[in-house]
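Coordinates in review
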Amino acid sequence: MNRICFITRNYKDTNSAGNKAKTDMENILISLGATNLGLQRTFYKSHIIAFFLNLCGIIKASLLLSPNDRLVLQYPLKKYYTWICRIAHLRNAKVITLVHDLGSFRRRKLTIPQEIKRLSNTDYIIALNSSMKKWLEEHGCQQSIGTLDIWDYLSNQISQSQHQKETKYRIIYAGTLNLRKNTFLVHFPQYINSFDLALYGNGNNLHGIDSLPHISYHGFIKSDELIASVQADFGLVWDGESLDGCTGSWGEYLKYNNPHKTSLYIRCGLPIIIWKGAALAQFIEQEQIGICITSLTELDSILSMLTEDEYRKMKQNVLHLSEKLSKGYYFKQAVNKALKILQSVSYTHLTLPTILRV
């Protein structure tokens, strides 16, 4: 029996989307019977303590890996990734890599050839979506690649949000609020008439935007509290500088990324409003859980034509999907597919010499 393994680490908190996603994936692996080869998960805020704990966890995992283990890594893993992959292969284990972020695309911390070379150390890749999978393949990645499709989102809270008929739609936008990431919010208010926009998040330095009509700012609220308390009708997924499509490094990355806030909105029971060029737009359309638009300037007219029946169907679909996200459906599905493919490859490698001898 092949063990499923992972290596937990020190997380400074779970309030950030990245840490929430990583700890959720670890908890889903545990539900699949996976073994943590590292130290226990911790939440120290000290950089020095975090460094030593993470290093010790990697060293411990390297010693505990066994032949035929299936080690699930969450990428990027910084300086440890290539090393632990090589150790796994020396011990005749296989590596499955879930890609959270591509450093060569948005942050430019790696060149594309460097990133592809680094990822070549794994045996199987779980990309976030088909667009990311295609990007990896087009840039020379030869590993087997599957897709996650959307982030699962674990929470015991249940959404109580209800649409109020014959009232203006209420839209929320959650995330860090700053000019570098979401400049579009500065220009958006002049196109808001038939709906209200509520902003949630840290770092509001958008020059008094919350004092404008139809806009309110609620600060940072923990995700569980937001799921349980928010009263809204849609969640907005948009980044960058422009109202006419998502531009800039943050906006362009939506073509390949799965924003974690999308899953938070779904767990809040909210249909999604998203840029038509985003990687997740195809999933939103396929599942019929929202509206895909080319420009925020057209949102007023689109919502004014939306019927109660159309909204009700989207809401029903969202609640059904929310249940799946709460149980880790998509990551479980992606891991099980990876395990089957690695098993078939191992079986082929094992039986091929016998076939040749016959």
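Since the structure is predicted, the reported quantities are computational estimates derived from the model, not experimental observations.

Another point: the confidence of the model for the protein chain. Residues at a pLDDT of 70 or more form 94% of the protein chain, whose mean pLDDT is 91. Low pLDDT, under 50, characterises residues 349-358; the predicted model gives this stretch zero contacts beyond four residues in sequence or across chains.

What follows concerns helix 1 (residues 17-31). Since the α-helix turns once every 3.6 residues, residues separated by three or four places project in the same direction. Taking 1.5 Å of rise per residue, the 15 residues of helix 1 would be expected to cover 21 Å, and the 21 Å separating its terminal C-alpha atoms lies within 8% of that figure. At the C-terminal side of helix 1, glycine 33 shows a positive phi close to 90°.

This structure, assessed with the given rule, holds 14 aromatic pairs. Relative to tyrosine 81, the ring of tyrosine 75 lies with its centre 5.1 Å away and its plane at 75°, an arrangement referred to as edge-to-face. Comparing tyrosine 75 with tyrosine 81, the two get one shared label, buried. Joined through ring pairs, the aromatic side chains of Phe105, Trp135, Tyr253 and Tyr256 make up one cluster.

Once that is clear, we can look at a positive patch on the surface. A cluster of like positive charges, contributed by Arg9, Lys78, Lys79 and Lys109, occupies part of the molecular surface. Along the polypeptide, arginine 9 turns up in the loop between strand 1 (4-6) and helix 1. On the basis of relative accessibility, which here comes to 31%, the residue arginine 9 falls in the partly exposed class.

In this section: a nonpolar patch on the surface. On the surface, Ile59, Leu63, Leu64 and Trp83 cluster together to form a nonpolar patch covering roughly 390 Å² of accessible area. Among the elements that line the nonpolar patch, the one with the most residues is helix 2 (residues 47-64), at three residues. Tracing the backbone through its elements, the reader meets leucine 63 in helix 2. Judged by its relative accessible area of 61%, leucine 63 falls in the exposed class.

Before going further, it helps to examine the packing of helix 2 against helix 3 (residues 81-90). Two elements in contact, helix 2 and helix 3, have axes separated by 9 Å at closest approach and are oriented at 15°. It follows from the interaxial angle that helix 2 and helix 3 lie roughly parallel. Crossing handedness for the pair helix 2 and helix 3: right-handed. From helix 2, Ile58, Ile59 and Ser62 reach across to helix 3, where they touch Trp83, Ile84 and Ile87. When grouped by side-chain class, the residues that make up the contact of helix 2 with helix 3 number five nonpolar, one polar and no charged.

The subject of this paragraph is the sheet that holds strand 6 (residues 144-147). Hydrogen bonds along the backbone pair up the strands of a sheet, which may run parallel or antiparallel. With parallel pairing, six strands are arranged side by side in an open sheet as 2-1-3-4-5-6. What marks the edges here is a single partner per strand, and that holds for strand 2 (35-36) and strand 6. The sheet contact formed by strand 5 (residues 124-127) and strand 6 spans four bridges and is parallel. Paired with alanine 127 across the bridge in strand 6 is threonine 147. The strands touched by helix 1 are strand 1, strand 3 (70-75) and strand 4 (94-99); relative to strand 3, the strand with the most contacts, the crossing angle is about 165°.

Membership of the largest hydrophobic core comes to 113 residues, with the highest contact counts inside it found for Leu136, Leu185, Phe188, Phe234 and Phe331. The greatest single-element share of this core, amounting to seven residues, is contributed by helix 14 (residues 329-357). With near-sequence residues (within four places) excluded, leucine 136 lies in contact with Leu102, Ile116, Leu119, Ile125, Ala127, Cys141 and Ile145.

Cut-offs applied
- Residues numbered from 1 in each chain as written.
- Predicted model: local features only at pLDDT ≥ 70, side-chain atom pairs only at ≥ 80, totals over all residues.
- Heavy atoms only, no water.
- pLDDT = per-residue confidence, 0-100.
- Contact = heavy atoms within 4.5 Å.
- Helix = DSSP H or I, 4+ residues; strand = E, 2+ residues; numbered from the N terminus.
- Expected span 1.5 Å × (residues − 1).
- Phe/Tyr/Trp six-rings, centres within 6.5 Å; stacked < 30°, edge-to-face > 60°.
- Buried < 20%, exposed > 50% of the residue type's maximum accessible area, 1.4 Å probe, protein only.
- Patch = residues over 30% accessible without salt bridge, like charges linked within 9 Å, V, L, I, M, F, W, Y side chains within 5 Å.
- Areas by Shrake-Rupley, 256 points an atom, 1.4 Å probe, with all protein chains shown as cover.
- Salt bridge = Lys/Arg side-chain N within 4 Å of Asp/Glu carboxyl O.
- Lys, Arg positive; Asp, Glu negative; His and termini not counted.
- Charge placed at Lys NZ, Arg CZ, Asp CG, Glu CD.
- Axes fitted to C-alpha atoms, helices over the stretch in contact; angles between N-to-C directions.
- Parallel < 35°, antiparallel > 145°, perpendicular 65-115°, else oblique.
- Left-handed = near helix turned anticlockwise from the far one by under 90°.
- Nonpolar A, V, L, I, M, F, W, Y, C, P; charged D, E, K, R; others polar.
- Pairing = 2+ DSSP bridges.
- Core = buried A, V, L, I, M, F, W, Y, C linked by side-chain atoms within 4.5 Å.

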